[in-house]
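# Examination of the molecular architecture
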Protein chains: 6
Amino acid sequence: MVERCRNTHPMIRSEGRRLDELRQVKITPRYLSQAEGAVLISLGRTWVICTATVEERVPAFLQDSGQGWVTAEYDMLPRATHSRHPRSANLGKPSSRSQEIQRLIGRSLRAVVDLDALGERTIVLDCDVIQADGGTRTAAITGAFVALCEALAGLQRQEIIATLPVLDQVAAVSVGLANDQILVDLDYQEDSRAEVDANFVVTGRGQLVEVQATGERGPFRPALLLEMLERAQPALQRLRQAQEKALRPWMSLPW
Amino acid sequence: MVERCRNTHPMIRSEGRRLDELRQVKITPRYLSQAEGAVLISLGRTWVICTATVEERVPAFLQDSGQGWVTAEYDMLPRATHSRHPRSANLGKPSSRSQEIQRLIGRSLRAVVDLDALGERTIVLDCDVIQADGGTRTAAITGAFVALCEALAGLQRQEIIATLPVLDQVAAVSVGLANDQILVDLDYQEDSRAEVDANFVVTGRGQLVEVQATGERGPFRPALLLEMLERAQPALQRLRQAQEKALRPWMSLPW
Amino acid sequence: MVERCRNTHPMIRSEGRRLDELRQVKITPRYLSQAEGAVLISLGRTWVICTATVEERVPAFLQDSGQGWVTAEYDMLPRATHSRHPRSANLGKPSSRSQEIQRLIGRSLRAVVDLDALGERTIVLDCDVIQADGGTRTAAITGAFVALCEALAGLQRQEIIATLPVLDQVAAVSVGLANDQILVDLDYQEDSRAEVDANFVVTGRGQLVEVQATGERGPFRPALLLEMLERAQPALQRLRQAQEKALRPWMSLPW
Amino acid sequence: MVERCRNTHPMIRSEGRRLDELRQVKITPRYLSQAEGAVLISLGRTWVICTATVEERVPAFLQDSGQGWVTAEYDMLPRATHSRHPRSANLGKPSSRSQEIQRLIGRSLRAVVDLDALGERTIVLDCDVIQADGGTRTAAITGAFVALCEALAGLQRQEIIATLPVLDQVAAVSVGLANDQILVDLDYQEDSRAEVDANFVVTGRGQLVEVQATGERGPFRPALLLEMLERAQPALQRLRQAQEKALRPWMSLPW
Amino acid sequence: MVERCRNTHPMIRSEGRRLDELRQVKITPRYLSQAEGAVLISLGRTWVICTATVEERVPAFLQDSGQGWVTAEYDMLPRATHSRHPRSANLGKPSSRSQEIQRLIGRSLRAVVDLDALGERTIVLDCDVIQADGGTRTAAITGAFVALCEALAGLQRQEIIATLPVLDQVAAVSVGLANDQILVDLDYQEDSRAEVDANFVVTGRGQLVEVQATGERGPFRPALLLEMLERAQPALQRLRQAQEKALRPWMSLPW
Amino acid sequence: MVERCRNTHPMIRSEGRRLDELRQVKITPRYLSQAEGAVLISLGRTWVICTATVEERVPAFLQDSGQGWVTAEYDMLPRATHSRHPRSANLGKPSSRSQEIQRLIGRSLRAVVDLDALGERTIVLDCDVIQADGGTRTAAITGAFVALCEALAGLQRQEIIATLPVLDQVAAVSVGLANDQILVDLDYQEDSRAEVDANFVVTGRGQLVEVQATGERGPFRPALLLEMLERAQPALQRLRQAQEKALRPWMSLPW
């Protein structure tokens, strides 16, 4: 059990962050001028461009259902990381890690969208990591929510949809256990040393949309799950504020 | 929130299963004669062949580390499912779903293997679904553990390794919320109607190796996580017994 | 010429098989519950799952022809063989060997199906080798015939087709020349030492559907072709009996 | 059985060919100036460029065996055929038909090469169909043999090998049954109407290297195999003469 | 600047060619019998087969525009070059060089075709290099123009189009700077030593369709561009004469 | 000829740009913190991230030559454009357009680098278009030059190389002919209406590195080439100033 490898020296985080303190977050709305939604989210040195595209079609399994869809794609620029990794297009396919992440982003956002009210159209969320320092998938979810709202507000402005089909806010944060301490919003160095690694996708009302927790260096006790979530609350609150700050000038928030 | 769509009619499971009852499980050890480990696990109509291959090499990032590796691949036969799906080889790559699952299987088994004691070799676990009726990933983890033990016991018999480098047993089960009821070990029909869908990978000592929980039709309250895990305990116990029954004739169990 | 390398020591086959003796054959009908046809055929340690899927469409070149189609796909699980081979999905395509074999299976079964009576639908035969010890392609043909009959009998039961559009039985066996002796139904070891290697696909009436013969270690005299076929007759008879035994409980045999 | 559909009108072949008459054959040796061997073979309107490349390496399974290898690749230009087919490079892989054919070409030529005398090097035979009118695989084998001899003679001239490691001549021809008549060297129209289609790869001494026979429209009686081969003898003789005529000016023929 | 590395010894070209002299050019019209247009162009040892296929459809972006399209594909046989290169189909895609070249060929020919007069159909030009000794892309353009005219004349003969929709002739030649001398129509050896390498695609009236010029070993002075073009005029004239000689027996030339 | 379609109304450019006026250019040096060189270049609404990576290896053809290499990769985010295009990784390969552009970027920068002084290492330039409004390839070249200098200056600071192996500055600009007027630095709208489209890659000393000119809607007179280059001089000067402004704070400029 990971709890045994207790380390009496408390973990010191870079730039003096407290254990439950989010890195500096900034969400730039309307980042690009040609997309229906486009956001640059930076979380410390993790930067992700999230765009939202409205497509007037749905996947085959939803045709004639009256229901819409939200899907996501995720990738990293080759030099987003400390050392260069090969370009996905040259590998011939998205990496399995990218595919796993983009499925997570899609599920996370669908959970807060009223797909019936959206109508038979698809919102495609492209999350491209410009710079990676841990927490890219949670930053992508948090940023993609803002891009999604931008795109939906646009549909509303054009009177294509009557109301904003957003049921609640959604944001995500990573939490880890390292040296028997719970850390919130891990950077790359922290993440690579963590014994337990979890990602929580949480709504504005504090409900869970998705939890993924892994014992990277051995199993962990079940109660840790809710302890980690508890410690993540201030960071989640901070992320929701950043989302609202980015959106409020452009639209009225329905949640 | 999913809790709202309460349904006063209790869910009736096929074949009269209780809510927390595992489907009939059978693990056939030494299923094939040419692999170091080979198991057929059936869980109701979900059948998975799990083989273990010993390779005397490790991935590049472990070379000269003295440490071994455990990895997994997962696929489904085209007609494992109710309607035929295209063969992965014709698609040109494993599906993103397969890749996500094989990463999960690999992490789950690495968590109970002492990679240092394994030495610089790789155990490859091939999990091929012959018939699918829900819960293929959890069946694959549970069966792959037995195939892994077979292969490691073989290394021990040949005196390539001194002791069995298995730290604990590991098994996995799915749990869902449907009509406000917690169901354990969902079949395909149940899974497609569940509002919340979770997979728990749990050791013999009751520690968690991996948790994945998704609100398929909206968010869910955090406490549900531990309630689900609690309801899964009898099924997990039953799976561990089936693993032990399959292994005991061939080896002494170290946990 | 291979005839020259005569070896005075007669070849001894494993498990005391006679030169023209088939390995133990077993065909399990209705092996899986979700496919229209599904068979497990075992021929010694060669095991193949053959499923038949009915698709209500035909390839483009048959559209509006009133004629049906039968096609096959073939693959091996990575650890069907003595040492593990890479998964086809990871190679990005079926191996050229697999493609050659699946074309052979398709031709062999089309030869005994009345494609006009089948009507504009396709039967897809998936042949997946679970364990390989020589003769996988001939086992696949022999097993796929049974799966095909299961699926066609189902169409008849549902009154989608009036009569079973099967013109004759078809089965296949390998024959080789090793040490100047003709061997029937070669296992992997025998196959790798054979000087001439042939596969015969033969109907119930003893007509040929397909012959492939290769001088693996030099050319051979033409008359050997018919001598080999002659020696294969008891094995072919045995395979046809196994097919009939598997099918008779479920349907009346039209040939 | 195909024999039943007897047609009293004898088949008339284009350009008044007799039933067993080869189309006009021409083999241009030293067709290209940069390859070790290069031949243009035309058989009526079927044209194939065959080049031979000497590579001073062998596949992994032959390393340090002292033995050489002969392998082949086969493709068609997009507009070799009556209507254009997609370029293989755009499909992302050779077609399964091409792969089947190139395996046949490789086996056919290896059967007449003394791989030990060749030494640890590989001869790669590239067979590219410029124009296709039936019989491309047999033309490729016949032409590739000449290109192979050119390359081997070059090695001998450079004193890299002492003797020409060619055990015998090899040529191939297609034979078909149409309207109950045996036709030799089928063109595309004839091939598409044939009930039985066979390819014979035959050495100078009349031994078989490879036989492939298929009942395209139903099974056929075994004796037909040798009858077809018998009818092919004049055509095979004619092909061997064309090979010798192409080679004799440049080298002494060892067979 | 490349001009500095002046070499007082004049460059001697193989076979005594003058600096501005084209290699021997030969264009064989109606080279293949099954394509709407088919040409073998040889320029010294550079040989390219160019075929033209008429397809009664246009790319999506031209549908219902009334306008036609001309597109090209380019590839090399594996042994067109001095040492063998891998077959594009095995690489899984056309090389980036091939893609760049085929885009150039397409643009070059579209520039002299009246796409409105062509109507909603596509001419596909397949340029396959049989033997390569420098200048394959310019030979492909020059040859493809003839194949294109053959195909268009065929459409006119069938009265599918009223007039030949060709606005002007087009031909292409390479020009290089080596040892401070301008060379026209470089062979492979010359090309690999050139400091500046340019390709000019020029109409019958002397207008430019495309210019590509690269300082392979450093930058060059702008005026060189027009000096190179000036030196290329006799070669371009010679190419146009060869095109006309190939076409005149079959059609009246509209330019 | 394009000159004929003269239009008496002068073209009015968006935002009142003069015909030869560059869009607003901004080069942000040291844009990312983990790459050896990283620049964001914006040219109006065309934004490109250019990173430079130092790899201590060279391509096979340069091994043991003592010489270094500079290469480039280019791609666009899916929503860089007005409508979304599929992600290259999903297409399985870079588009042919991307491949053509990345070859151009590589050639352009190699022309101003002293590859001998660089030593046996490779600089990889990744140019990823964040937002596209015409001129992405010329912006990529101009930005990549700055990223390259950053990386080389870093090698110099670490005393891995003695001097900055940069022979001259290099920048690129597009020029077009529309309505008989020469326009410099075309945006997407202008580019799609241009009759002639050219890209000039030019050194600080005014020498050409690469010219590509295409008659998009018909051929053009040769003299236009130098007229276009002449009109591009102020824009090229402006680009070189922006490069110098970005670099001067961090390094001494060697040209």
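Since the model is a prediction, treat every value here as computed from it, not as a measurement.

### Description of the sheet that holds strand 1 (residues 25-28) of chain C
Residue and element names in this part refer to chain C.
- Taken in spatial order, the five strands make up an open sheet running 1-2-3-5-4, and their pairing is mixed. With one partner strand each, in any of the chains shown, strand 1 and strand 4 (69-76) form the two edges of the open sheet. With direction set aside, neighbouring strand axes in the sheet form an average angle of 15°.
- Relative to strand 3 (residues 46-55), helix 4 (residues 136-157) is tilted by about 35°, and along the sheet it contacts strand 1, strand 2 (37-43), strand 3, strand 4 and strand 5 (122-131).
- In this fold helix 7 (residues 233-247) packs onto strand 1 and strand 2, with an angle of close to 25° to the strand it touches most, strand 1.

### Quick notes on the UniProt feature "binding site: phosphate" (unreviewed entry) in chain A
All names here are of chain A.
- The positions UniProt marks with the feature "binding site: phosphate" (unreviewed entry) are Arg-97, Gly-135, Thr-136 and Arg-137. In sequence the annotated residues extend across 41 residues, while in space they remain close, none of their C-alpha pairs exceeding 13.3 Å.
- Mapping Arg-97 onto the fold places it in helix 2 (residues 96-110).
- For Arg-97, a relative accessible area of 28% gives the class partly exposed.

### Focus: the relation of the copies chain E and chain F
- Superposing chain E onto chain F takes a rotation of 180° combined with a translation of 0.0 Å along the rotation axis, leaving an RMSD of 0.0 Å. Such a combination of rotation and displacement between the chain copies is what one expects of a two-fold axis. Closest approach to the rotation axis among the C-alpha atoms of chain E is made by E:Gln212, whose C-alpha sits 2.3 Å away.
- Most of the interface of chain E is mirrored in chain F, where 100% of its interface residues again form contacts.

### A short note on the interface of chain A and chain F
- At the interface, 37 residues of chain A touch 37 residues of chain F.
- Interface area for chain A against chain F, summed over the two sides, is near 3,100 Å², with a carbon-plus-sulfur share of 46%.
- The interface formed by chain A and chain F includes 12 salt bridges.
- Here A:Glu73 makes a salt bridge to F:Arg84, at a shortest N to O gap of 3.1 Å.
- One can count 26 residue pairs in polar contact (both at pLDDT 80 or more) joining chain A with chain F.
- Going through the elements one at a time, strand 3 (46-55), strand 4 (69-76), helix 1 (88-91) and strand 5 (122-131) of chain A are the ones with two or more residues in the side of chain A that touches chain F.
- Tallied by class, residues from the side of chain A that touches chain F come to 16 nonpolar, 10 polar and 11 charged.

### Points about the environment of D:Ile141
Residue and element names in this part refer to chain D.
- If you trace the backbone, Ile-141 turns up in helix 4 (residues 136-157).
- Between the alpha carbons of Ile-141 and Ile-101 there is a distance of 9.7 Å; along the sequence they are 40 residues apart.
- The residues touching Ile-141, leaving out its near neighbours within four places in the chain, are Leu-104, Ile-105, Ser-108, Leu-109, Ala-172 and Val-201.

### Observations concerning the environment of D:Arg221
- Locating D:Arg221 in the fold gives a position in the loop between strand 9 (208-215) and helix 6 (224-247).
- Each C-alpha atom, one on D:Arg221 and one on D:Gly204, is 27 Å from the other, the two residues being 17 residues apart in sequence.

### Considering the sheet that holds strand 7 (residues 181-184) of chain E
- The eight strands lie next to each other as 7(E)-6(E)-8(E)-9(E)-9(F)-8(F)-6(F)-7(F), forming an open sheet whose pairing is antiparallel. Among the strands making up the open sheet, the edge pair consists of strand 7 of chain E together with strand 7 (181-184) of chain F. This sheet shows a mean twist of 15° between the axes of neighbouring strands, independent of strand direction.
- Two elements, strand 8 (residues 196-203) of chain E and strand 9 (residues 208-215) of chain E, share seven bridges in a ladder whose sense is antiparallel. Each residue of the ladder has a partner; that of E:Val196, found in strand 9 of chain E, is E:Gly215.
- Running at roughly 60° to strand 8 of chain E, helix 6 (residues 224-231) of chain E makes contact with strand 6 (170-178), strand 7, strand 8 and strand 9 of chain E together with strand 9 (208-215) of chain F of the sheet.
- Seen against the sheet, helix 7 (residues 233-247) of chain E touches strand 6, strand 7 and strand 8 of chain E and runs at an angle of roughly 150° to strand 6 of chain E.

### Some thoughts on the interface of chain E and chain F
- Taken together, the contact between chain E and chain F spans 31 residues of the former and 32 residues of the latter.
- Carbon and sulfur atoms supply 57% of the area that chain E and chain F bury against each other, a total of about 2,900 Å² over both sides.
- There are two salt bridges connecting chain E and chain F.
- Where F:Glu100 meets E:Arg103, a salt bridge forms, and the shortest distance between an N and an O atom there is 2.6 Å.
- Seen at the junction of chain E and chain F, the total is 14 residue pairs in polar contact (both at pLDDT 80 or more).

### A few points about the side chain of D:Gln243
- Assignment of secondary structure puts D:Gln243 in helix 6.
- A residue is classified by how much of its surface remains accessible, and D:Gln243, at 0% relative accessible area, is buried.

### As for the packing of helix 4 (residues 136-157) of chain A against helix 7 (residues 233-247) of chain A
All names here are of chain A.
- With their axes 10 Å apart at the nearest point, helix 4 and helix 7 run at an angle of 25° to one another. If you check the angle between helix 4 and helix 7, you find them roughly parallel. When you trace helix 4 past helix 7, the crossing you get is right-handed. In contact with Thr-142, Phe-145, Val-146, Cys-149 and Glu-150 of helix 4, helix 7 contributes Leu-239, Gln-243, Ala-246 and Leu-247.
- Residue composition of the contact of helix 4 with helix 7, by class: six nonpolar, two polar and one charged.

### Some points on helix 7 (residues 233-247) of chain B
Residues and elements named next belong to chain B.
- Across its 15 residues, helix 7 extends 21 Å between first and last C-alpha, which sits within 8% of the 21 Å expected from 1.5 Å per residue.
- Taken residue by residue, helix 7 has Ala-235, Leu-236, Leu-239, Arg-240, Ala-242, Gln-243, Ala-246 and Leu-247 as its buried positions. One side of helix 7 carries all its buried residues, which in axial view fall inside an arc of 155°.
- Elements that come into contact with the buried residues of helix 7 comprise strand 1 (25-28), strand 2 (37-43), helix 4 (136-157), strand 6 (170-178), strand 7 (181-184) and strand 8 (196-203).

### Side note on the UniProt feature "domain: Exoribonuclease phosphorolytic" (unreviewed entry) in chain A
Residues and elements named next belong to chain A.
- In the numbering used here, UniProt assigns the "domain: Exoribonuclease phosphorolytic" (unreviewed entry) feature to residues 21-151 and 168-233.
- In residues 21-151, the share of helix is 30% and the share of strand is 30%. The end C-alpha atoms are 30 Å apart.
- For residues 168-233, helix accounts for 23% and strand for 44%, while the C-alpha atoms at its two ends are 16 Å apart.

Rules of the game
- For every chain, the first residue of the written sequence is number 1, and numbering continues from 1 along that sequence.
- Here every chain gets a letter starting at A, and every ligand a number starting at 1, in the order they are written.
- Reporting of local features is limited, given that this is a predicted model, to residues whose pLDDT is at least 70; pairs of side-chain atoms are given and counted only at 80 or more, and all residues count toward the totals for whole chains, interfaces and linings.
- With hydrogens and water stripped out, all remaining heavy atoms of the structure feed into the side-chain values.
- Two strands pair under a simple rule: DSSP has to find at least two bridges between them.
- A run of H or I in DSSP becomes a helix once it reaches four residues, and a run of E becomes a strand once it reaches two; helices and strands are each numbered from the N terminus.
- Each axis is a line fitted through C-alpha atoms, taken for helices only over the stretch in contact, and angles between the N-to-C directions span 0 to 180 degrees.
- Note on contacts: a residue pair qualifies if any of its non-hydrogen atoms lie within 4.5 Å across the two residues.
- UniProt positions are given in the numbering used here, feature names are shortened, and annotations may be inferred rather than shown by experiment.
- Relative accessibility thresholds used throughout: buried, under 20% of the residue-type maximum; exposed, over 50%; partly exposed, between the two (1.4 Å probe, protein chains only).
- Superposing copies: least-squares fit, C-alpha atoms only, residues required to have pLDDT of at least 70 in both.
- Buried area counts how much accessible surface, traced with a 1.4 Å probe, disappears from two parts once they are put together, with both parts' losses summed.
- The working definition used for a salt bridge is a side-chain nitrogen of Lys or Arg within 4 Å of a carboxyl oxygen of Asp or Glu.
- We call two N or O atoms a polar contact when they sit within 3.5 Å, provided that within protein one can donate a hydrogen and the other can accept it, with sequence-adjacent residues counted only if both atoms are side-chain atoms.
- Only Asp, Glu, Lys and Arg are considered charged in this grouping, and only Ala, Val, Leu, Ile, Met, Phe, Trp, Tyr, Cys and Pro are considered nonpolar; every other residue, Gly among them, is considered polar.
- Convention used here: angles under 35 degrees read as roughly parallel, angles over 145 as roughly antiparallel, angles from 65 to 115 as roughly perpendicular, and any remaining angle as oblique.
- By convention, the crossing between two helices is left-handed when the near helix turns anticlockwise from the far helix through less than a right angle, and right-handed when the turn is clockwise.
- To estimate how far a helix should extend, the number of its residues minus one is multiplied by 1.5 Å.
- Each direction from the helix axis to a C-beta atom contributes to the arc, which is the arc of those directions.

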